[in-house]
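For reference, the chains in residue letters:
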Amino acid sequence: MLMNMKELLKVAQKEGFAVPAFNTSSNMILKGVMEACSEKKAPVIIAIHPDELSFIEDSFIAAVKEEAYKSEVPVVIHLDHGGSFEQILRAIRCGFTSVMIDASHLSFEENIALTKKVVEVAHPLNVSVEAELGTIGTTGNGGEYGTEKIIYTDPDKAKEFVERTEVDTLAVAIGTCHGIYPKDMKPELKLDLLKVIRDVVDIPLVLHGGSANPDEEIAESVKLGVCKINISSDIKDAFYRKCREILNEDLSAREPNAIYPPCIEAMKQVIYNKIELFNDGDKVKFYK
């Protein structure tokens, strides 16, 4: 069941759950994500970053669409952290149903201008738009852009931003970072700030950098109104740790069925945990 982000998260916001956005950069990861979400009857967002798209190429989107069409699970194909108008156009042309324009590094007015430009192109094509206000931090190992110093989302500016851009979802900065946190780096979400933003912004809120944060903080953010949480490093870490283990144990292993099934299974265990944490399981029933 293929849909756009606005349709998907309207239900999540009403019913009080968050949909995981799993960064998907290979057929093996796609297979594991779709299997796990189908088993748990959990809506899912297949997120693809421009760097990932440069590797898997546009033809991969046809495979994602095929998985969505044959599944009972609601699926969104989402461009994660689109950094330019050209990247947005590429994503729309090859079949993404949702795009993110990340102009958070620009000034407030420049962010608004670029986001409005994307909305004007995407909305007539039934493609939803996510934007970001404030900045996500970096752990140095996330594979995605982040800033050394987090700029927290200003609630008043968030309200103005949503009203002026007519964006469908808003990624907020409340203390998360991209990547896996080193031992000397303690994640801490500003949940009080999230409450204030939720009170003044009525569209679904998004949490980027959701990997490796304390479960209790993530669960509380869902209760406070976060409807989409991005997960990339956690599932890739589980997959490739198992992959290295298998290849080190058997240097002659070369066939896909000898290598990847245990890697997919290890990743699925992480996916199951995120589905439960986000209260996303058994929510297909709301999309019938």
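Residues numbered from 1 in each chain as written. Predicted model: local features only at pLDDT ≥ 70, side-chain atom pairs only at ≥ 80, totals over all residues. Heavy atoms only, no water.

A look at the UniProt feature "binding site: Zn(2+) 2" (unreviewed entry) in the chain
Put simply, the test is: UniProt positions are given in the numbering used here, feature names are shortened, and annotations may be inferred rather than shown by experiment. Under the DSSP-based scheme used, a helix requires at least four consecutive residues in state H or I and a strand at least two consecutive residues in state E, with every element numbered from the N terminus. In this description, contact between two residues means that some pair of their heavy atoms is separated by no more than 4.5 Å.
Annotation from UniProt places "binding site: Zn(2+) 2" (unreviewed entry) at Asp102 and Glu132. Considering the C-alpha atoms alone, the annotated residues occupy 31 residues of sequence yet fold into one spot, their largest mutual distance being 5.7 Å. Position of aspartate 102 relative to the elements: it lies in the loop between β4 (98-101) and α6 (108-122). Setting aside anything within four residues of it in sequence, one finds aspartate 102 in contact with His81, Gly82, Gly83 and Glu132. Mapped onto the secondary structure, glutamate 132 falls in strand β5 (residues 128-133).

Here we look at the packing of aromatic side chains
Aromatic ring pairs: the centre-centre distance and the angle between the two ring planes describe each pair. Worth spelling out the cut-off: Note on aromatic contacts: the rings of Phe and Tyr and the six-membered ring of Trp form a pair at centre separations within 6.5 Å, being stacked when their planes are under 30 degrees apart, edge-to-face when over 60 apart, and tilted otherwise. Only protein chains enter the calculation, and the probe is 1.4 Å; a residue is then buried if its accessible area is under 20% of its type maximum, exposed if over 50%, and partly exposed in between.
Per the counting criterion, the structure on display carries three aromatic pairs. Look at phenylalanine 108 and phenylalanine 161: their rings are 6.3 Å apart centre to centre, the planes differ by 50°, and that puts the pair in the tilted class. You can see phenylalanine 108 sitting in helix α6 and its partner phenylalanine 161 sitting in helix α7 (residues 155-165), a full 53 residues away along the chain. Geometrically, the ring pair formed by phenylalanine 239 and tyrosine 240 is edge-to-face, given 4.8 Å between the ring centres and 75° between the ring planes. Residue classification places phenylalanine 239 among the buried residues on the basis of a relative accessible area of 0%. Within the aromatic cluster, the residues linked to one another by ring pairs are Phe239, Tyr240 and Tyr260.

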